[in-house]
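# Architecture and fold: a report
Next come the chains, spelled out residue by residue.
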Amino acid sequence: MVRLSIHKRQAPLGWGACFVFLGAVAVSLVLSGILLRIQGKPAVAGIWLLIRSAYFSVYAVEDCLIKAVPIFLCSLGVAFAFRLQVWNIGAEGQYALGAVGASWAALTFPDLPGYILLPLMLLSASVAGGLWSFIPAFLRNKLRANEIIITLMLNYIGIFFLEYLVYGPWKDPTSFGFPMTKNFSAPAVVGTIGQTRLSWGLVVCILAGIASWIFFRFTRLGFELKASGDNPRAAQYARLPYTRLVAIVMVLSGMLAGWAGLLEASANLNRLQPSIMAGYGYTAIVVAWLASLNPLLIGLASFLLAGLRVGLEILQLDLQVPAAFGSILEGLILLTVLAGGFFTRYRLELRRRP
Amino acid sequence: MTWDLMVALLAATIQTGTPILYATLGEIITERSGILNLGVEGIMIVGALAAFLVSWWTGSALAGFLAGGLCGALLAAVHGLVCLVFQGNQVVSGLALTILGTGLANYLGTPFVSKAAAGFDAWSVPLLAQIPLVGSVLFHHDSLVYFSYLLTAVLWLCLRYTRWGLGLCAVGEHPEAALAAGLRIYGYRWAGILVGGCLAGWGGAYLSLAYTHSWTNGLTAGRGWIAVALVIFAFWQPWRALLGAYLFGGVMAFQFRLQAMGTHIPSSLLLMLPYLLTIAVLVFSSWKGRGDEAPSALGINIEPAD
């Protein structure tokens, strides 16, 4: 008789964790290959096409970086909240509100010079996104209302609000009925870096990433956050201001998602339209968890998952794969990595029974 | 508002509330066992697609309904695998399941958009349907509505009076004590997950087989999340889920009626209503301190002993 027993690891797994991670990703790629096969598409060639068209050319990598910007900012915000074990699922709605806030400034004051208008847009995007995430924080602190559901409901409401604006009061009268606002004026557009297609948003991301790394590593507030997240009860004994931390973290989280909305509206679309809602807020949650909430790893994971979206566009064109394939990939990767985490925390022993 | 319109609206309330009722009942059973499954939305939509496809292939709505429950339970088993076997975080696993489920349904369902399949049609209960008002509101529906009445009663009795139901609640409240009392805690949690998944799948099946009779991508439109919120409103009690589900059914039916009549209110604002109501309901429940009624071990994994 062979018996399987489970033991908790005493020391962290170190590099082995990388192999577990890669193994998990491999499993999810195999499963999604099977799904391609079910719809009569080539499995191996399909997955290979996905990867090749995502990362193997300069043009594709530029695309990845462009898409990584909103994912990264949302994910950084979400990771702040997750650190404290506050489940902010609302990046999608906070992103929508940020885009609405920025567009409001851009459409109301189109003639201001850029050095005033852009900071104004940043301010209004921060206020709108921050307010949207303050609502669940407030309700959680005052009434202990479940933030998971409230942030999620605010996503739906935020998106409908955005649609209401672009179908109604903000619709460009010369758009032939298409739901979109007027083009932003030139000063309201965040420009590109040199001759590349990359906007200055990328620099914002790098700065935000470094700032939050420093924040967690070297500031008192960052330390309090980590401590409260790791052990809320101990933090309360140490008299850390838990409810205030929740509010701060949620507002920061919403502001970062709001910036993502601003950059997407201003740098990428140059206007507000419903297609701005591409599900970055949900991808951000996947990214944050894959990167185990570490700001630097979030950068890497945002790039990789942005790549899946880029590759998927080619898959849609060449093999007519439905767009929903992207959600399948993200869901599978998250589930397998989550399950794989077991092997980094526990070790299995096979023992032959006498 | 005329009498006839009022009766029609109330009857529509029951019909619109039924899918949410199924899903809420399912999540109540799952959460009672101490497992938080945030994948209800994904499970519901997969159930809806499975039910639709099987009904379309076989021409039998009943086979479709059964398939919806089966596929719901299968997808929920993924949650069980990640949380019970591999000790993954329940919140994250549930979210991932929703992402996966909506992806799967929209991916596999895309070729079948706007095709129609055999569904359940209204069937009046003899005698009971003759009662004025009550009869036409409650007893002039398809058989799945009657099944949901029955299910609510059965689950209520089951949780309250049977050995199995009490065991399930014990595992959700205090797994260590339940283990010491000789209960098979993993068995109960697996049962909670699978029954919950089956019911969520049936909720989805109701949508595609009795509500729309056809498939569209994104059919569930957040109803799974509403169900998760209603569990808190329902105090983890099946009969209160009935109340909550019909409250939402009423608001949604009213909103569709308004849209159909063509009001001046923009549709995006009308569509917000159920989600605003969810927040209101949750705030109300939390304000009354209902959150304290949650099973004590909800969302906490049982660590394997060394």
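In this text the structure is predicted, and so the values were computed from the model without any measurement. (Residues numbered from 1 in each chain as written. Chains lettered and ligands numbered in written order. Predicted model: local features only at pLDDT ≥ 70, side-chain atom pairs only at ≥ 80, totals over all residues.)

## Here's the deal with the overall build of chain B
Of the regular secondary structure elements, chain B holds 13 helices and two strands. Against the compact-globule benchmark of 19 Å for 306 residues, chain B has a radius of gyration of 19 Å, which places it among compact chains. Dimensions of chain B, computed from C-alpha atoms along their principal axes, come out at roughly 65 × 45 × 40 Å. Relative to its full complement of 306 residues, chain B shows a buried share of 51%. For chain B, the share of sequence-separated contacts (at least 6 apart) that also reach a separation of at least 24 residues comes to 80%. (Helix = DSSP H or I, 4+ residues; strand = E, 2+ residues; numbered from the N terminus. Rg over C-alpha atoms; globule rule 2.2 N^0.38 Å. Buried ≥ 20, exposed ≤ 12 C-beta atoms within 10 Å, placed from the backbone. Contact = placed C-beta atoms within 7 Å.)

## Re the overall build of chain A
Looking only at helices and strands, chain A has 13 helices and two strands in total. What you see for chain A is a C-alpha radius of gyration of 22 Å, in line with the 20 Å of a compact globule of 354 residues. Its C-alpha atoms give chain A principal-axis dimensions of roughly 85 × 60 × 35 Å. Taking all 354 residues of chain A together, 49% fall into the buried category. In chain A, the share of contacts with a sequence separation of at least 24, taken over all contacts with a separation of at least 6, comes to 78%.

## So, the interface of chain A and chain B
Taken residue by residue, the interface counts 39 residues in chain A and 43 residues in chain B. Counting only elements with at least two residues in the side of chain A that touches chain B, the list comes to strand S1 (2–8), helix H5 (114–143), helix H6 (147–167), helix H11 (280–290) and helix H13 (325–345) of chain A. Examining the composition of the side of chain A that touches chain B, we find that 12 residues originate from one element, H13 of chain A, more than from any other. Class assignment of the residues belonging to the side of chain A that touches chain B gives a composition of 29 nonpolar, six polar and four charged. (Nonpolar A, V, L, I, M, F, W, Y, C, P; charged D, E, K, R; others polar.)

## A word on unusual backbone geometry
Unlike most non-glycine residues, Ala221 of chain B shows phi in positive territory, near 50°. Following the sequence through the fold, Ala221 of chain B ends up in the loop between helix H9 (185–211) and helix H10 (223–233).

## A look at H10 of chain B
Counting buried positions over the 11 residues of H10 of chain B gives 11, a clear majority of the element. Within H10 of chain B, the full set of buried residues consists of Arg223, Gly224, Trp225, Ile226, Ala227, Val228, Ala229, Leu230, Val231, Ile232 and Phe233 of chain B. Buried-residue contacts for H10 of chain B involve H6 of chain A together with helix H1 (3–32), helix H2 (40–58), H9, helix H11 (238–261) and helix H13 (273–287) of chain B. Phe235 of chain B lies just past H10 of chain B and shows a positive phi near 70°.

## A word on the nonpolar core
Grouped burial of nonpolar side chains is what soluble globular proteins tend to show. Of all hydrophobic cores here, the largest spans 197 residues; its most connected members are Cys74 and Ala288 of chain A. Beyond its immediate stretch of four places on either side in the chain, Ala288 of chain A contacts Ser75, Val78, Ala79, Phe82, Leu293 and Ile298 of chain A. Grouped together as the second largest cluster of nonpolar side chains are six residues, Leu168, Ala170, Val171 and Ala178 of chain B included. (Core = buried A, V, L, I, M, F, W, Y, C linked by C-beta atoms within 7 Å.)

## Quick notes on the packing of H10 of chain B against H11 of chain B
Residues and elements named next belong to chain B. One way to put it is that H10 packs onto H11 with a least axis distance of 9 Å and a crossing angle of 135°. Comparing their axes, H11 and H10 come out oblique. In the crossing of H10 with H11, the sense of the turn from one axis to the other is right-handed. Facing H10, whose interface residues are Ile226, Leu230 and Phe233, H11 presents Ala241, Gly244, Ala245 and Phe248. (Axes fitted to C-alpha atoms, helices over the stretch in contact; angles between N-to-C directions. Parallel < 35°, antiparallel > 145°, perpendicular 65-115°, else oblique. Left-handed = near helix turned anticlockwise from the far one by under 90°.)

## Brief notes about the packing of H5 of chain A against helix H10 (residues 242–269) of chain A
Residues and elements named next belong to chain A. Interhelical geometry of H5 versus H10 gives an angle of 145° and a closest axis separation of 7 Å. Classified by chirality, the crossing of H10 by H5 is right-handed. Taken together, the residues that form the contact of H5 with H10 break down as 16 nonpolar, 11 polar and one charged.

## Examining the confidence of the model for chain B
Here chain B averages 90 in pLDDT, while 98% of its residues score no lower than 70. In the predicted complex, the global pTM is 0.92; the interface-specific ipTM is 0.91. (pLDDT = per-residue confidence, 0-100.)

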